[in-house]
Amino acid sequence: MNHLRFGHTAITWPNEAIEEAVSDIAACGYWGTETFGWVLEEWESQNRSLLALFEQHQLQLTSLYCHLELTDSSKRQDAIDKVMEWVDLYLKFQGPVVVIGGTMLNRASFAISDHASAIILTLNELAKRITDKGLLCCFHPHTGTAVETEEEIRRVLEGVDSRYVTFAPDVGQIAKGGTDPVRIIQEYYELIRMLHLKDYIGGPVKEDAEGRQVDATGFLGYTPLGMGSVDLRSIVQYLEDKKYPHYASVELDGNQWSPTRKGNPLMSAPEAIRTSKQYLERLGYRNFKIT
């Protein structure tokens, strides 16, 4: 079992610590990373070369994450145009994938039946523009957004134009949203062009008296690989059996505002990415970069 190549996203660190993230991820032997469109924009506005940082550490920006408003048709064009500004900044990095997610919303009053057509139209239009740039556009369901549950995932994936919209499942996010990620990976495998490999502590999301999520780990309830409840072994084995040719990015969400993260986090970001690498090594992976 050594076919898959693993990156690690930079979200485990604060956005302003991208230099530390790139250095640590490269030193750990991961093949690439992912950051946000607005991080590229900030560096560009400061006339700083983020590309030079990546070249210094011989790390590829294997994907760019961008989010936008998916449900409000009146904001569609401005939202798409903003994402395309970030995509244009990404071109110089020569990475293959743009990952697209929705912005957060009030799910208590949300019904997919009211918004599916708007979501699908926005994704199709955006993905066509991204593919015209020679890049892959991969939709990424995310808890707290318009596409979280199994019903929402299916409704969108079965409605989009698969010539342009592909799939970037996050197995931890899918599990946290109450769905079996193994089944989703198997059923929608042909659409997958990027995958976030993430573990989740398990169980329903708990909230405090003020309605805020109780963060047991300091990483929004997620854990380094092998410390949670997600059946990662089955997911990785399935991808191996299918000879999955694209990147898989290990991910552990940072939560810089969490009292747990500030007080007693599960572990530091560098220790977390090493822990995930050690889990993959126990599964038989020895194909990390030599550093």
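Note that the coordinates shown come from a computational prediction; the quantities given were computed from them, not determined experimentally.

Cut-offs and rules
- Residues numbered from 1 in each chain as written.
- Predicted model: local features only at pLDDT ≥ 70, side-chain atom pairs only at ≥ 80, totals over all residues.
- Heavy atoms only, no water.
- Pairing = 2+ DSSP bridges.
- Helix = DSSP H or I, 4+ residues; strand = E, 2+ residues; numbered from the N terminus.
- Axes fitted to C-alpha atoms, helices over the stretch in contact; angles between N-to-C directions.
- Core = buried A, V, L, I, M, F, W, Y, C linked by side-chain atoms within 4.5 Å.
- Buried < 20%, exposed > 50% of the residue type's maximum accessible area, 1.4 Å probe, protein only.
- Contact = heavy atoms within 4.5 Å.
- Phe/Tyr/Trp six-rings, centres within 6.5 Å; stacked < 30°, edge-to-face > 60°.
- Arc of directions from axis to C-beta.
- Salt bridge = Lys/Arg side-chain N within 4 Å of Asp/Glu carboxyl O.
- Right-handed = clockwise from strand over helix to strand, strands pointing away.

Examining the sheet that holds strand E6 (residues 165-167)
No. 1: Overall, parallel pairing links the five strands, which are arranged E2-E3-E4-E5-E6 in an open sheet. Bordering the open sheet on either side are strand E2 (32-36) and E6, each of which pairs with just one other strand. Put simply, the sheet's adjacent strands are angled 35° from each other on average, direction ignored.

Focus on the nonpolar core
No. 1: Residues Phe-6, Ile-100, Leu-197 and Leu-280 are the most contacted members of the largest nonpolar core, which totals 98 residues.
No. 2: Apart from residues lying up to four places away in sequence, Leu-197 is in contact with Phe-6, Val-171, Leu-225, Leu-232, Ile-235, Val-236, Ser-249, Val-250, Glu-251 and Leu-280.

Brief notes about the packing of aromatic side chains
No. 1: Scanning the entire structure with this criterion turns up 12 aromatic pairs.
No. 2: Seen from their ring centres, Phe-6 and Tyr-285 are 4.9 Å apart, and the 90° between their planes marks the pair as edge-to-face. On the criterion of sequence distance, the pair formed by Phe-6 in strand E1 (residues 6-8) and Tyr-285 in the segment after helix H11 (269-282) is long-range, its members being 279 residues apart.
No. 3: Residue class for Tyr-285 comes out buried when judged on its relative accessible area of 0%.
No. 4: Plain terms: the ring middles of Phe-54 and Phe-93 are 5.7 Å apart, the flat faces sit at 80° to each other, and that makes the pair edge-to-face. Here Phe-54, found in helix H3 (residues 50-56), pairs with Phe-93, found in the loop between helix H4 (76-90) and strand E4 (97-102); they are 39 residues apart in sequence, far enough to count as distant.

Some thoughts on helix H1 (residues 18-27)
No. 1: Every buried residue belonging to H1 is among Ile-18, Ala-21, Val-22, Ile-25 and Ala-26, and all of these are buried. For H1, the buried positions fall inside an angular range of 120° around the axis, keeping them on one side.
No. 2: In this structure, the buried residues of H1 make contact with E1, E2, helix H2 (37-45), H3 and H11.
No. 3: Note on H1: the residue one or two positions beyond its end, Gly-29, has a positive phi of about 95°.

Some details on the pattern of salt bridges
No. 1: Inspection of every chain in the model, using the stated rule, returns 18 salt bridges.
No. 2: Of the charged contacts, one joins Arg-48 and Glu-19 as a salt bridge, the two residues approaching to 3.3 Å between their closest N and O atoms. Of this pair, Arg-48 sits in the loop between H2 and H3 while Glu-19 sits in helix H1, placing them 29 residues apart in sequence.
No. 3: A salt bridge links Lys-198 to Glu-251; the shortest N-O distance between them is 3.0 Å. Of this pair, Lys-198 sits in the loop between strand E7 (195-197) and strand E8 (199-200) while Glu-251 sits in the loop between strand E10 (248-250) and helix H10 (259-263); the two residues are 53 residues apart in sequence, bridging distant segments of the chain.
No. 4: A relative accessible area of 5% means that Glu-251 is categorised as buried.

Details of the sheet that holds E1
Strand-to-strand pairing in sheets goes through backbone hydrogen bonds, with the strands running parallel or antiparallel.
No. 1: Spatially, three strands are ordered E1-E10-E7 in an open sheet, and the strand pairing comes out parallel. A single partner strand is all that each edge strand has here, and the edge strands are E1 and E7. When the angles between neighbouring strand axes are averaged without regard to direction, this sheet yields 35°.
No. 2: With three bridges connecting them, E7 and E10 associate as parallel partners. Looking at E10, one finds that His-196 is bridged to Ser-249.

Some words on the pairing of strand E3 (residues 60-68)
No. 1: In terms of burial, E3 is largely enclosed, as seven of its nine residues are buried.
No. 2: The pairing of E2 with E3 spans five bridges and is parallel. Looking at the pairing, Glu-34 lines up with Ser-63 of E3.
No. 3: Taken together, the six bridges between E3 and E4 define a ladder with parallel strand orientation. Within the sheet, the bridge partner assigned to Leu-68 lies in E4 and is Gly-102.
No. 4: Running through H4, the crossover from E3 to the neighbouring parallel element E4 is right-handed.

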